[in-house]
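Commentary on secondary and tertiary structure
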Amino acid sequence: MRPVHICLAVLVAAVWGVNFTVIEIGLDHFPPLLFSALRFLVAALPAVFFVGRPKVAWKWIVAVGLALGVAKFGLLFVGMDAGMPAGLSSLVLQIQAVFTALFAMVALGERPGRVRVAGMVVALGGVAVAVVDEGTSGPLLAFALVIAAAACWGVSNVLTRKASPPDSLNFMVWVSTVPVLPLLLLSLLTEGPSADLAALRSLDWQGAGVIVYVAWITTVFGFGAWGWLLHRHPASTVAPFSLLVPVFGMSSAALFLGEPVSPLRWCAAALLVGGVALTSLSGAGRVRAAKAEVPVEVPRKSPALAE
């Protein structure tokens with residue numbers, strides 16, 4: 001990768017990591033489900049009018065929108081509102097790589113090798129250490145909600161792989177249109193119209209800034225830049241940069257929110273990040289090897305391919 005592309009990948013990881021601190025601040029302004037609905041509403045509008053028509057079937061957009069937008073982010077925001085620390089959330093959510101591998105094994109017939117299985121075990125060990133740490137300092141129900149959010153993220157990853165969107169920014173913007181109404185309905189049913197109206201009436205510049213960050217910076221810029229990098233480099237080259245997300249997440253939470261980072265949490269971080277690295281990168285290596293064994297006749301470039 002060129003140095004400027006490396007800087008962009010690190011910037012995206014930083015944006016996604018700091019996002020957990022921004023979410024924590026936003027939860028002081030909005031009920032969690034309303035906050036999540038506003039995030040996707042602002043991410044979809046006005047971007048949906050500029051990205052063109054969807055490039056995949058609507059069934060995939062709806063499925064990913066429900067799994068990622070309603071389930072994953074709904075559970076994450078509720079879990080953080082219930083007491084799950086921002087830094088720990090950024091770390092524990094990375095267990096999605098293990099869930100993705102497990103669900104891909106069931107749904108796509110992918111068979112993990114020994115290195116990937118070892119990575120899953122190490123990552124789960126990190127989660128176990130985090131459970132011990134959180135059990136002495138915070139609510140385990142909130143911890144379980146974030147684990148459930150990671151599982152839903154794994155489901156959405158497999159659905160996205162099945163959809164194979166040719167344009168990740170176009171796909172993400174259209175996916176963002178799906179969760180808005182379900183999340184608003186859930187917010188009205190569980191958080192109440194009075195709480196929602198009070199939050200909207202008391203909207204200030206900090207609350208508006210939080211919405212802009214989680215919608216445009218994290219979602220539109222983050223996923224757009226990540227998709228741009230994946231279009232120009234192998235996934236195995238780009239994916240490791242996502243392991244920086246919990247580093248930025250825990251650091252920003254400690255710096256801006258004053259969250260303590262115990263020795264047990266550092267141990268959990270080392271195990272979880274190391275396990276996710278083994279789980280993710282070992283699979284990429286086997287895919288490259290499998291492709292190398294298959295002789296492919298390279299066609300002449302058409303004008304479209306030449307771009």
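The preceding data block contains the structure.
Okay, so let's go over this structure. Keep in mind the model is a prediction, meaning the values are calculated, not measured.

1. Comments concerning helix α8 (residues 168-177)
- Within α8, seven of the ten residues are buried, leaving the element largely enclosed by the surrounding structure.
- Buried within α8 we find Asn 170, Phe 171, Met 172, Val 173, Trp 174, Val 175 and Ser 176.
- Contacts made by the buried residues of α8 are with α2 (32-44), α3 (58-81), α7 (140-163), α9 (180-190) and α11 (205-232).
- Of the residues that open α8, the one with a side-chain oxygen 3.1 Å from the backbone nitrogen of Leu 169 is Asp 167.

2. Looking at the packing of aromatic side chains
- This model, assessed by the stated rule, comprises eight aromatic pairs.
- Their ring planes at 50° and their centres at 5.3 Å tell us that Trp 16 and Phe 223 sit as a pair that is tilted. Highlighted residues: Trp 16 in helix α1 (residues 3-26) and Phe 223 in helix α11, separated in sequence by 207 residues.
- Look at Trp 58 and Trp 174: their rings are 5.5 Å apart centre to centre, the planes differ by 85°, and that puts the pair in the edge-to-face class. In this pair, Trp 58 sits in helix α3 while Trp 174 sits in helix α8, placing the two residues 116 residues apart along the sequence.
- Since its relative accessible area comes to 45%, Trp 58 is described here as partly exposed.
- On the basis of relative accessible area, Trp 174 is assigned to the buried category, the value being 16%.
- Here the aromatic cluster, defined as three or more aromatic residues joined through ring pairs, consists of Phe 30, Phe 35, Phe 40, Phe 73 and Phe 77.
- Looking at Arg 39, its charged tip hangs above the ring of Phe 73, at a distance of 4.1 Å from the centre.
- A cation over an aromatic ring shows up here: Lys 72 above the ring of Phe 73, its NZ or CZ 3.7 Å from the ring centre.

3. Points about the environment of Gly 52
- With respect to the secondary-structure elements, Gly 52 resides in the loop between α2 and α3.
- Judged by relative accessible area, which is 35%, Gly 52 ranks as partly exposed.
- In this structure, the C-alpha to C-alpha distance between Gly 52 and Val 173, residues 121 residues apart in sequence, is 10.0 Å.
- Apart from residues lying up to four places away in sequence, Gly 52 is in contact with Asn 170 and Trp 174.

4. Quick look at the side chain of His 233
- Within the element layout of this structure, His 233 appears in the loop between α11 and α12 (235-238).
- Judged by relative accessible area, which is 16%, His 233 ranks as buried.
- In this structure the side chain of His 233 is engaged in a polar contact, spanning 2.8 Å, whose partner is the side chain of His 5.
- Ignoring anything within four residues of it in the chain, the contact list for His 233 reads Met 1, His 5 and Val 238.

5. So, the environment of Ala 195
- Within the secondary structure, Ala 195 is located in helix α10 (residues 193-201).
- For the pair Ala 195 and Phe 30, spaced 165 residues apart in sequence, the C-alpha separation works out to 8.4 Å.

Basis of the calculations
Residues numbered from 1 in each chain as written. Predicted model: local features only at pLDDT ≥ 70, side-chain atom pairs only at ≥ 80, totals over all residues. Heavy atoms only, no water. Buried < 20%, exposed > 50% of the residue type's maximum accessible area, 1.4 Å probe, protein only. Helix = DSSP H or I, 4+ residues; strand = E, 2+ residues; numbered from the N terminus. Contact = heavy atoms within 4.5 Å. Polar contact = N/O pair within 3.5 Å; in protein donor to acceptor, adjacent residues only side chain to side chain. Phe/Tyr/Trp six-rings, centres within 6.5 Å; stacked < 30°, edge-to-face > 60°. Lys NZ or Arg CZ within 6 Å of the ring centre and 35° of its normal.

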